[in-house]
Amino acid sequence: MAPMAASAAKIGKTVLDSGWLAARSTEVELTGVQLTTTHPPSGPSSPWMEAVVPGTVLGTLLKNKLIPDPFYGLNNETIVDIGDSGREDYTFWFFTTFHCKLEKNQHVDLNFRAINYSADLYLNGHKEVLPKGMFRRHTLDVTKLLHEGENVLAVLVHPPDHPGKIPAKGGQGGDHEIGKDVAAQYVEGWDWMCPIRDRNTGIWDEVSLTVTGPVKIIDPHLASSFFDNYKRVYLHATFELENRSEQVAECSASIQVTTELEGNFCLVEHLQTRHVSVPPGTRINSFSISPIYGGQMGWGSNHYITWASALMPIYLESLIYGLISLDSVNGQPIFIRGGNWILSDGLLRLSKKRYQTDIKFHADMNFNMMRCWGGGIAERPEFYHYCDLYGLLVWQEFWITGDCDGRGDPISNVNGPKDHELFLICAKDTIKLLRNHASLALWVGGNEQIPPGDLNPGLEKLLELHPHYQDGDKGSEPSDHKSTVGDADPSLYLDGTRIYVPGSMWDGFADGTGGWSDGPYTIQNPEDFFKEDYYNYGFNPEVGSVGMPVAATIRATMPLEGWKIPLFKKLENGYVEEVPNPIWDYHKYIPYSNPGSVHDQILLYGTPKDLDDFCLKAQLVNYIQYRALLEGYTSHMWTKHTGVLIWKNMNPWTGLRGQFYDHLLDQTAGFYGCRSAAEPIHVQLNLDNFFIEVVNTTSEQLCNVAIEASVWDLEGECPFYKVHDNLTIPPKKTLPVVLMKYCKSKSVKPVYFVLLKLYRMSDDGILSRNFYWLHRPGGDYQLLELYKKKRVPLKIASTASIKGSTYDLRMHVQNISKKPDQNNWLFENNFCPKVSNGDYDTPSVEAANVATEKRENGALQTISSYFSRGKNDPRVVKTDGSDVGVAFFLHFSVNAAKEHRDGEDTRILPVHYSDNYFSLVPGEKMTINIKFEVPPGMTPRVTLHGWNHHGGHSVM
């Protein structure tokens, strides 16, 4: 086994994330002292195996193919549960070696950012105990234990003390025993999650060595206070200093602001330096740098704070957003539209790359908040880094749920975890770990429950607010400015800058008093979301619905038996009950009907013939359902509602409910329904009263804007067209503009399309585009089944930029079934640009610009020219067809360009699309940006599918 190397004299951190071995403790007869002195394992030979660190025991077993993939089909049922086998079966040794040659006056810490649940550590024959708790850091000064050459490390990891048993009926948190520990509670299973057999036992977060000089900086804390309506900022900095030498250490502590510029350049501004003397063998718990005046510098989301000393540099990202309250950021009201988050992966296979994709997906949906649910984990700094980067607020809960902590069925753990002191230790350490992230908006005690007993007062004390942050108008100038700045430094508080709410249904959320007032969690009639009586409270922390993925995901995650679609059972009351196959049932499928209140929304399009047909129709429903959900809440923005969080954004396994993208990272159509509905500036149709509404969530008034409203039928005709111009839309308001009379007329078609465009009158720049398909009251969409036979011709012109393995494509798609009106340039869909972080988040602002279009040859599709790797030649594809009409429900996919075998998943994932599942009326153009990375040795193929373009057209 190759030893892990750390630079001999380099100050900083070395991550130990490879070269680990693991073995079941019952199969190792040696002691920890023997393993790290005389009898270390030589390599991955039984009982030792290659280990996943960071990771869990199950992750290691899966890597070595000793268990089947627990998230595939019914495989999880074949894996022994810790509740049946006993804790010893999942107690594992983890082993590695490393080199670390220190110079004079250097010290080294061995750091574990998290272990589940406790561990015995042996280093070169010396033993240390890592205490219990899933959410706490462990740091050991190992300077005196190191060898000149190879160092040998073995860690015996013990599972949670109370892993519990899984009842036959399942349930929310199994038998709730896991609630006795300070650990993630979802691991015993939920109504959306299978049980995790090892309860996430393992070294599940980063392991590192940190080399310092004689003095080290510990847990820096940055806080900011704002004045003059948030135009002036004061920075406050506090950290701990520890001198581990035998001499007085004379240090210079400095703080800098680093601004990222274009071209990989940074502007570094030195703010302050302070001298400090640290006596030998002592620790200064609160070393502060006096308030630093930021002036009119305009620090924003690309500004970072750098902490440094002459002895050890530490860098933290503290993007200076300013002050956050429940409903505002920097004094501006924020209407919350976001979702609930469990974690990326149920086996804790966490990575920066996965986090970046997850968080960017949420930003792409125009969400502005993620709620880290209390039954999951305290999210990792990498998660928060990308939330900082993409501008998402985070609601972080502690590890309490009503189901496992006093309100479940059966009622259990009324006092919460057994060890309250341990809970508060983990809470305090988590606060220190996460508090410097600007995206962290608020702390919440628990999910649907207040932390019991002394836990809630304990959290309140830990999270006491600085007086400046208790002021309702935090950006205003106090009467005595100097005395306010001179008050206790906010960075001296554990956090001091963010509010603490005791539970997810208290203090402004749901009914505010803890009544069961979140939900519902089933399919709804789309128009119901807009009704005045749909939800009676201001902020709904959980409202859920369906989440069927595409057919390719079902085939990739289930055997053939799982490809069977539900049976549709007609009930006496006229409703239909869906009966899923056992594999779908195990994967927590939510049906698309709710007998007694909602007719089956898939059957509105006709009875599905097979898996592909079912999943495609499910995408139609997904799009409508989630767009209507967000548009309904936004229709009552600030008049009734202050925000909504959807339950939930994604699944940490291959579940079949409540998700906008699946565990393999392929988006559902609901993703793009949310993306449309959550635009900051948005035009929408109220499905209850058919008023056209304009949503302006920004702080600026919209002037001289117009709405183009058109109706298209299945014959490609436009029976209704109207422009409403010279509109003014106030800031922070949803404004009903005009009744869409056609939708209520007697001449309305059985099935029809509505296209709304909000645009600037000055340059025809599109601010929002929204496309609906509707049916008569009491009708259905079954005529769309016949519409599949229409052959609507398209032209797709594509260009590409290829850098290494990253492809950046622009697809210019036009419905050429009819020539557009040249007097109306709105067909070009020139979208107004939005500020972004260099990633595509809106359709392109450019129209198609194809240099050369070669002669057509009459085939199904004609490739005029093609681009090769490294070039940017245009390629034009035309699809045959002579029918005039809407090109309906178009969507791109990216696959490996190789021969497809039955059951093989050739998709390249993840892919970031600026839009997908879109439709084009005759003559209309749309530019779709596509970005993805290609695995080594693979060539991508981009295909366009559609309702009346089935089979797919290869466009690259």
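Residues numbered from 1 in each chain as written. Predicted model: local features only at pLDDT ≥ 70, side-chain atom pairs only at ≥ 80, totals over all residues. Heavy atoms only, no water.

Enquirer: Looking at this model, I keep getting lost on the sheet that holds strand β9 (residues 138-141). Mind explaining?
Expert: In a beta sheet, neighbouring strands are held together by backbone hydrogen bonds and run either parallel or antiparallel to one another. With respect to topology, 4 strands assemble into an open sheet ordered β2-β11-β6-β9, the strand pairing being antiparallel. Strands with a single pairing partner mark the edges of an open sheet, and in this sheet they are β2 (12-15) and β9. Adjacent strand axes in the sheet meet at a mean angle of 25° when their direction is disregarded. As paired elements, strand β6 (residues 107-112) and strand β11 (residues 207-212) share 6 bridges and run antiparallel to each other. Opposite F112, over in β11, you have V207 as the bridge partner. (Pairing = 2+ DSSP bridges. Helix = DSSP H or I, 4+ residues; strand = E, 2+ residues; numbered from the N terminus. Axes fitted to C-alpha atoms, helices over the stretch in contact; angles between N-to-C directions.)

Enquirer: Even after reading the chapter, I still don't get the confidence of the model for the protein chain, so can you show me in this structure?
Expert: One rule of thumb: low pLDDT means the predicted coordinates there are not for detailed reading. When the pLDDT values of the protein chain are averaged, the result is 89; 88% of them are 70 or greater. Here residues 2-7 is modelled with pLDDT under 50, and outside its nearest four sequence neighbours on either side it reaches 19 contacts, counting other chains as well. Note on residues 835-870: pLDDT is under 50 here. Beyond four places in sequence and across chains, it has 88 contacts. (pLDDT = per-residue confidence, 0-100. Contact = heavy atoms within 4.5 Å.)

Enquirer: I keep staring at the nonpolar core and nothing clicks. Help me out?
Expert: Among soluble globular proteins, nonpolar side chains are generally buried collectively. W773, L784, M811, F888, F892 and I930 are the most contacted members of the largest nonpolar core, which has 224 residues in total. Take this core: its biggest share by element is 13 residues, from helix α12 (residues 611-635). Every residue in contact with I930, bar those within four places of it in the chain, is listed here: Y807, D808, L809, M811, F892, V894, V911, H912, Y913 and V942. In this structure, I217, F239, A249 and F287 belong to the second largest nonpolar core, which totals 19 residues. (Core = buried A, V, L, I, M, F, W, Y, C linked by side-chain atoms within 4.5 Å. Buried < 20%, exposed > 50% of the residue type's maximum accessible area, 1.4 Å probe, protein only.)

Enquirer: What is the right way to read the sheet that holds strand β26 (residues 500-501) from this model?
Expert: On the basis of which strands lie adjacent, the open sheet formed by 7 strands has the order β26-β25-β24-β23-β22-β30-β27 and parallel pairing. In this open sheet, the two edge strands, each paired with only one partner strand, are β26 and β27 (539-544). Bridging between strand β23 (residues 369-372) and strand β24 (residues 393-397) involves 4 bridges; their strand directions are parallel. Bridging across to β24, M370 finds its partner in V394. The strands that helix α5 (residues 381-390) touches are β22 (336-341), β23, β24 and β25 (440-444); relative to β24, the one it contacts most, it runs at about 150°.

Enquirer: How should the pairing of strand β13 (residues 232-243) be read in this particular structure?
Expert: The two faces of a sheet get side chains in turn, since along a regular strand they alternate between them. Burial of β13 is extensive: 11 of the 12 residues sit out of reach of the surface. Inspection of the sheet shows strand β12 (residues 215-227) paired to β13 by 11 bridges, in the antiparallel sense. Opposite F227, over in β13, you have R232 as the bridge partner. Between β12 and the antiparallel strand that follows it, β13, lie 4 residues; D228 among them carries a positive phi value of about 55°.

Enquirer: I would appreciate a short explanation of the packing of α12 against helix α13 (residues 669-677) in the present structure.
Expert: The angle between the axes and the distance between the axes are what describe a pair of packed helices. Between α12 and α13, the shortest axis-to-axis distance is 7 Å and the interhelical angle comes to 30°. With respect to their mutual orientation, α12 and α13 come out roughly parallel. Seen along the crossing, α12 lies across α13 with a hand that is right-handed. Where α12 approaches α13, its residues Q619, N622, Y623, Y626, R627, L630 and E631 are matched on the opposing element by A669, G670, Y672, G673, C674, S676 and A677. Residues belonging to the contact of α12 with α13 are distributed by class as follows: 7 nonpolar, 5 polar and 2 charged. (Parallel < 35°, antiparallel > 145°, perpendicular 65-115°, else oblique. Left-handed = near helix turned anticlockwise from the far one by under 90°. Nonpolar A, V, L, I, M, F, W, Y, C, P; charged D, E, K, R; others polar.)

Enquirer: How do you make sense of the packing of aromatic side chains when you look at a structure like this?
Expert: Think of a pair of aromatic rings as described by two things: how far the centres are apart, and how the planes are tilted against each other in angle. For the structure on display, the rule yields 48 aromatic pairs. Taking the centre distance of 5.6 Å and the plane angle of 35° together, the rings of W341 and F383 count as tilted. Residue W341 is located in strand β22, and its partner F383 is located in helix α5; the two are separated by 42 residues in the primary sequence. Classification of W341 as buried rests on a relative accessible area of 0%. Directly above the ring of W563 sits R555, whose terminal nitrogen or CZ lies 5.4 Å from the centroid. Positioned above the aromatic ring of W773, the side-chain terminus of R627 is 5.9 Å from the ring centre. (Phe/Tyr/Trp six-rings, centres within 6.5 Å; stacked < 30°, edge-to-face > 60°. Lys NZ or Arg CZ within 6 Å of the ring centre and 35° of its normal.)

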